[in-house]
Amino acid sequence: MANLLATKPLHLLMEEARETGDHSLKRTLGVFQLTALGVGAIIGAGIFVMVGLGAHYAGPGLTLSFVLSGLGCAFAGLCYCEFAAMIPLAGSAYTYAYATLGELLAWIIGWDLTLEYAMGASTVSSGWSNHFIELLNIFHIKMPLWLAYDHWTALKTAENIIARQMALASDPTLVPGTQSFLDKASAILAAQSPELLQRAHDFMGAPHLFGWEVGFNLPAFIIALVITAVLVVGIKESAEFNTGIVVIKVSVVLFVIALGARYVNSSNWGVDWSSFAPHGFAGIGAGAAYIFFAYIGFDAVSTTAQEAKNPQRDLPIGMIASLAICTVLYIAVAAVLTGMVHWQQINIEAPVAIAFLDRGLSTASHIITLGALAGLTSVMLVMLLGQTRVLYSMANDGLLPKKFFADVHPKFRTPWKNTILVGLLAAVVGSVTPIDQLGKMVNIGTLLAFVIVSIAVVVLRHTNPDQPRPFRTPWVPWIPILGVVANGYMMIKLGMWNWIRLVGWLLIGLVVYFTYSVKHSKVQALEAGKK
């Protein structure tokens with residue numbers, strides 16, 4: 001019988017961390033590149049989109065929602081920092097769980113991280129495609145819907161467009177983007193009249209293959225392949241590419257803050273608590289749960305631990321600095337938006353861009369679209385980077401085929417086969433699958449990783465109290481407990497169906513574990529040797 005709770009000895013982990021040579025990953029990342037990777041992973045389209053939905057729950061108190069969400073990440077981030085400095089290996093939460101909670105839980109978290117990174121990259125590739133199409137529209141270039149989206153999303157998009165046309169035709173006084181306009185369009189969509197469906201199919205104009213309409217998200221497919229090629233070439237080149245994009249998108253965010261501040265009306269922020277937080281603290285909490293997606297990704301920095309020059313010092317700095325920078329920028333954007341527009345009039349779909357368009361600042365709106373496009377590019381790069389490094393670690397432990405997933409290219413010193421496979425899967429999934437529900441799964445997968453790492457810090461303090469810790473999480477066990485409570489609370493807020501999907505995904509992972517991984521595990525071989 002296998003010992004499913006067998007932990008990977010710390011001395012083995014430290015030996016792996018010291019490995020050098022052609023078959024090991026190349027240590028080239030400094031503190032600046034690590035911080036840029038964190039910022040690259042965090043700032044995406046979320047800041048330009050999620051603020052609208054969050055504001056309708058929190059009102060001007062949206063700034064506090066970002067503080068609350070940021071605190072949940074900070075509690076988990078401090079726990080990540082202790083592990084990343086102590087065990088400077090690729091693998092992130094998977095490696096940390098293996099050292100503390102045992103092989104089965106490590107496998108579960110590794111499989112769960114696939115949900116965060118690979119599915120996250122697919123979700124982001126689709127979002128990138130949407131903003132790319134917006135960019136083309138600025139130059140009056142139109143892509144056919146069937147080449148711009150997967151079939152289901154293309155049909156849904158066509159239905160949305162026709163429903164909006166029908167809504168305006170029925171009541172010309174409606175203003176596009178307002179809640180009343182969206183309610184009217186939603187009612188027409190819900191009715192699913194034959195006229196709506198026929199006009200939507202005609203509008204989509206998709207070709208047929210074997211009697212079925214074809215839909216293929218070409219921009220999503222191409223960008224995923226481009227990012228994959230960059231990652232295969234090398235970690236240094238990938239980091240430089242990411243840093244360039246980060247400079248662009250941070251500049252766009254600063255531009256939004258600086259220009260928007262000129263149009264702020266302080267009365268929009270309210271004059272007392274009830275007008276600042278119209279739905280009370282419950283509304284601020286709900287806003288925090290919805291905007292949490294805007295923070296996803298900072299933990300991906302820890303997956304590059306084996307490629308950092310001085311991981312004990314630089315990884316904690318990179319993770320904490322990137323989280324702090326993004327939190328400050330997010331709070332500033334939220335303050336500007338709720339100051340420019342009364343919270344009840346904030347557009348839900350494109351809140352920041354519409355706020356500028358309403359003031360005749362069309363060029364600023366176009367710049368925001370470019371910023372969102374740049375943001376999503378770097379998010380996708382870091383997501384795919386994180387996924388490949390987790391699979392590399394799992395393969396080195398024997399839980400996945402090592403000859404494929406841990407094969408390092410002799411010139412580029414990257415896990416190239418693994419990277420190509422992950423990139424191709426992300427490209428295909430992002431181009432042919434409706435992934436709005438997968439996006440919600442990314443949230444719950446990330447939060448589960450945060451909870452497990454918070455628990456693992458407390459466990460390792462008891463099982464290995466004398467192990468050198470270059471960075472120590474302060475106020476243990478209170479910080480980890482707060483991490484469990486804050487992130488567990490947001491998991492509960494995501495609803496039953498996301499829990500059902502998570503359990504289903506983990507059950508598939510357990511089948512893989514018991515049919516392959518447990519038989520090839522290095523730790524299980526060590527355990528058998530002891531007996």
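Each chain has its residues counted from 1, following the order in which its sequence is written. Reporting in this predicted model follows two pLDDT cut-offs: at least 70 for local features of residues, and 80 or more for side-chain atom pairs to be given and counted; totals over whole chains, interfaces and linings ignore these cut-offs and use all residues. Processing note: side-chain calculations cover all non-hydrogen atoms of the structure and skip hydrogens and water entirely.

Peer 1: Give a detailed account of the pattern of salt bridges, specifying residues and quantitative values.
Peer 2: The term salt bridge refers to a pairing of a side-chain nitrogen on Lys or Arg with a carboxyl oxygen on Asp or Glu at a separation within 4 Å. Under the counting rule described, the total for this entry stands at seven salt bridges. One salt bridge connects Glu82 with Arg469, and the closest N-O pair in it is separated by 2.9 Å. With Glu82 in helix H4 (residues 62-86) and Arg469 in the loop between helix H20 (436-463) and helix H21 (478-493), this pair connects stretches of sequence that are 387 residues apart. Only protein chains enter the area calculation, which uses a 1.4 Å probe; residues under 20% of their type maximum are buried, those over 50% are exposed, and those in between are partly exposed. Overall, the relative accessible area of 1% leaves Glu82 in the buried class. The class of Arg469 is buried, set by a relative accessible area of 9%. Of the charged contacts, one joins Arg199 and Glu195 as a salt bridge, the two residues approaching to 3.4 Å between their closest N and O atoms. Linking Arg199 with Glu195, this pair stays in helix H10 (residues 194-204), spanning four residues, or about one helical turn. Starting at the N terminus, helices and strands are each numbered in turn, a helix being any DSSP run of H or I of at least four residues and a strand any DSSP run of E of at least two.

Peer 1: With reference to specific residues and values, describe a nonpolar patch on the surface.
Peer 2: Grouping into patches uses exposed residues only, defined as over 30% relative accessible area, and leaves out salt-bridged ones; the cut-off is 9 Å for like charges and 5 Å for nonpolar side chains (Val, Leu, Ile, Met, Phe, Trp, Tyr). To measure how exposed things are, a 1.4 Å probe is used in the Shrake-Rupley method; for residues, cover is taken only from the protein chains shown. On the surface, Leu64, Val67, Leu68, Leu71, Trp273 and Phe281 cluster together into a nonpolar patch covering about 530 Å² of accessible area. As for its position among the elements, Leu64 is in helix H4.

Peer 1: Before we move on, could you go through the nonpolar core and cite the residues and values that matter?
Peer 2: Ranked by internal contacts, the top residues of the largest apolar core, which has 146 residues, are Ile43, Phe48, Phe66, Phe83, Tyr94 and Phe356. The contact definition used throughout considers only heavy atoms, calling two residues in contact when any of these lie within 4.5 Å. Excluding anything up to four places from it in sequence, Phe66 contacts Ile47, Val51, Ile291, Tyr295, Thr327, Tyr330, Ile331 and Ala334. Side-chain atoms within 4.5 Å are what join buried Ala, Val, Leu, Ile, Met, Phe, Trp, Tyr and Cys residues into a set we call a nonpolar core.

Peer 1: Let's hear about the packing of helix H17 (residues 362-396) against helix H19 (residues 416-432): which residues, and what values?
Peer 2: Relative to each other, H17 and H19 sit at 130 degrees, their axes nearing to 9 Å. Taken together, the axes of H17 and H19 lie oblique to each other. Helix-helix and strand crossings are classified by hand; for H17 and H19 the assignment is right-handed. Here H17 contributes Leu384, Gln387, Thr388, Arg389, Leu391 and Tyr392 to the contact with H19, which in turn contributes Asn418, Thr419, Val422, Gly423 and Ala426. For this classification, Asp, Glu, Lys and Arg are treated as charged, while Ala, Val, Leu, Ile, Met, Phe, Trp, Tyr, Cys and Pro are nonpolar and the rest, including Gly, are polar. Taken together, the residues of the contact of H17 with H19 sort by class into five nonpolar, five polar and one charged. Here an axis means a line fitted to C-alpha atoms, over the contact stretch when the element is a helix, while the angle between two N-to-C directions is reported on a 0 to 180 degree scale. In these notes the angle categories are as follows: under 35 degrees is roughly parallel, over 145 is roughly antiparallel, 65 to 115 is roughly perpendicular, and the rest is oblique. Rotating anticlockwise by less than a right angle from the far helix to the near helix defines a left-handed crossing, while the corresponding clockwise rotation defines a right-handed one.

Peer 1: Now, about unusual backbone geometry: what can you tell me, with residues and values included?
Peer 2: For the bond from Val476 to Pro477, the omega torsion is 10 degrees, close enough to zero to count as cis. Inspection of the secondary structure assignment puts Pro477 in the loop between H20 and H21. One non-glycine residue with positive phi stands out, namely His140, at about 60 degrees. Looking at where His140 falls in the secondary structure, it is placed in the loop between helix H6 (103-138) and helix H7 (145-148). Assessed through its relative accessible area of 71%, His140 is described here as exposed. We note that Phe210 has phi near 55 degrees; this positive angle belongs to a residue other than glycine.

Peer 1: Provide a residue-level description of the packing of H4 against helix H14 (residues 280-291), including the pertinent values.
Peer 2: In the contact formed by H4 and H14, the axes pass within 8 Å of each other and the chain directions differ by 60 degrees. Taken together, H4 and H14 sit at an angle that is classed as oblique. In the crossing of H4 with H14, the sense of the turn from one axis to the other is right-handed. Contacts between H4 and H14 pair Leu62, Leu64, Ser65, Phe66, Leu68 and Ser69 from the former with Phe281, Ile284, Gly285, Gly287, Ala288 and Ile291 from the latter. The residue makeup of the contact of H4 with H14, split by class, is eight nonpolar, four polar and no charged.

Peer 1: Let's hear about the packing of aromatic side chains: which residues, and what values?
Peer 2: Here the aromatic set is Phe, Tyr and Trp, taking the six-membered ring for Trp, and pairing holds for ring centres within 6.5 Å; pairs whose planes are under 30 degrees apart are stacked, those over 60 apart are edge-to-face, and all others are tilted. Under the criterion given, the structure shown has 15 aromatic pairs. One aromatic cluster is present, formed by Trp107, Trp111, Trp505, Tyr513 and Phe514 through successive ring pairs.

Peer 1: Can you tell me about helix H1 (residues 10-17), naming the residues and giving the values?
Peer 2: Residues that lie three or four places apart on an α-helix share one face, since the helix turns once every 3.6 residues. Here H1 has its buried residues at Leu10, Leu13, Met14, Glu16 and Ala17. The arc that holds every buried residue of H1, seen down its axis, measures 160 degrees, which confines them to one face. To be clear, the arc concerns the directions from the helix axis to the C-beta atoms.

Peer 1: I'd love a proper account of the side chain of His409, names of residues and values included.
Peer 2: Within the secondary structure layout, His409 lies in the loop between helix H18 (402-405) and H19. Any N or O atom pair separated by 3.5 Å or less is treated as a polar contact, with the protein-specific requirement of one donor-capable and one acceptor-capable atom, and with residues adjacent in sequence counted only for side-chain atom pairs. From its side chain, His409 meets the backbone nitrogen of Phe412 in a polar contact 3.2 Å long. In this structure His409 touches Thr414 and Trp416, once residues within four positions along its chain are discounted.

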